[in-house]
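Each chain, letter by letter, is given below.
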Amino acid sequence: MGTERTPELRTTEFASVFDAIADTPAEAENLKVRSRLMVAISERIDEFGWSQRVAAGNLGVTQPRISDLKNGKLSRFSIDVLVNLATQVGLTVQVKVVKTELADDPTPASSADADGAASCVRR
């Protein structure tokens, strides 16, 4: 009998879960922006003390749509829709564009913002 070899496991580290699940860096950025917007809108709804039904009425959407928002169903919301909802709950969206290092680009890039590409600010 020979000794059995256990296959070597390799691990890969990612900056965020979105970097791990997205097929491209662009898709990961889109997921990050939508996620941040959804969290900010959801927190604002909570601050107002609105039920999902009240939030739906105040925002001109259906209650199931608010449920999708509260449950983080990213695929059901575009950035455009989320920006519109954010403004309706008194948030201003600010966009920060920064250079990132490309695999083919030998020039050094500026460091990425830890807060990401978009943030929401209360008005």
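Refer to the structure printed above.
Rules and cut-offs
Residues numbered from 1 in each chain as written. Predicted model: local features only at pLDDT ≥ 70, side-chain atom pairs only at ≥ 80, totals over all residues. Heavy atoms only, no water. Helix = DSSP H or I, 4+ residues; strand = E, 2+ residues; numbered from the N terminus. Buried < 20%, exposed > 50% of the residue type's maximum accessible area, 1.4 Å probe, protein only. Contact = heavy atoms within 4.5 Å. Areas by Shrake-Rupley, 256 points an atom, 1.4 Å probe, with all protein chains shown as cover. Arc of directions from axis to C-beta. Axes fitted to C-alpha atoms, helices over the stretch in contact; angles between N-to-C directions. Parallel < 35°, antiparallel > 145°, perpendicular 65-115°, else oblique. Nonpolar A, V, L, I, M, F, W, Y, C, P; charged D, E, K, R; others polar.

Q: Even after reading the chapter, I still don't get the overall build of the chain, so can you show me in this structure?
A: Broken down by element type, the chain carries 5 helices and 2 strands. For the chain, the sequential pattern of α-helices and β-strands runs α-α-α-α-α-β-β. Taken across its 123 residues, the chain has 26% of its residues classed as buried. Looking at the chain alone, contacts between residues at least 24 apart form 61% of all its contacts between residues at least 6 apart. Carbon and sulfur atoms provide 51% of the accessible area of the chain, an area that totals close to 8,900 Å².

Q: What is the right way to read helix 5 (residues 79–88) from this model?
A: Regarding helix 5, the residues found buried are Leu82, Leu85 and Ala86. Down the axis of helix 5, the sector holding all buried residues measures 105 degrees, keeping them to one side. Check the buried side of helix 5 and you find it contacts helix 2 (25–48), helix 3 (52–59), helix 4 (63–70) and strand 1 (91–95). Gly90, located one to two residues past helix 5, shows a positive phi value of around 85 degrees.

Q: Which parts of the structure should I look at to understand the packing of helix 3 against helix 4?
A: Helix-helix packing is described using two parameters, namely the angle between the two axes and the distance between the axes. Where helix 3 meets helix 4, the closest approach of the two axes is 8 Å, and the angle between their N-to-C directions is 110 degrees. Of the possible angle classes, the one that applies to helix 3 and helix 4 is roughly perpendicular. Judged by residue contacts, Gln52, Arg53, Ala55, Ala56 and Leu59 of helix 3 engage Gln63, Ile66, Ser67 and Lys70 from helix 4.

Q: Please explain the environment of Asn84 as it appears in this structure.
A: Following the sequence through the fold, Asn84 ends up in helix 5. With a relative accessible area of 48%, Asn84 lands in the partly exposed category.

Q: I would appreciate a short explanation of the packing of helix 2 against helix 4 in the present structure.
A: At their nearest, the axes of helix 2 and helix 4 sit 9 Å apart, and the two run at 115 degrees to each other. Along the contact surface, helix 2 presents Met38, Ile41, Ser42, Ile45 and Asp46, while helix 4 presents Ile66, Asp68, Leu69 and Lys70. Per-class residue counts for the contact of helix 2 with helix 4 are 5 nonpolar, 1 polar and 3 charged.

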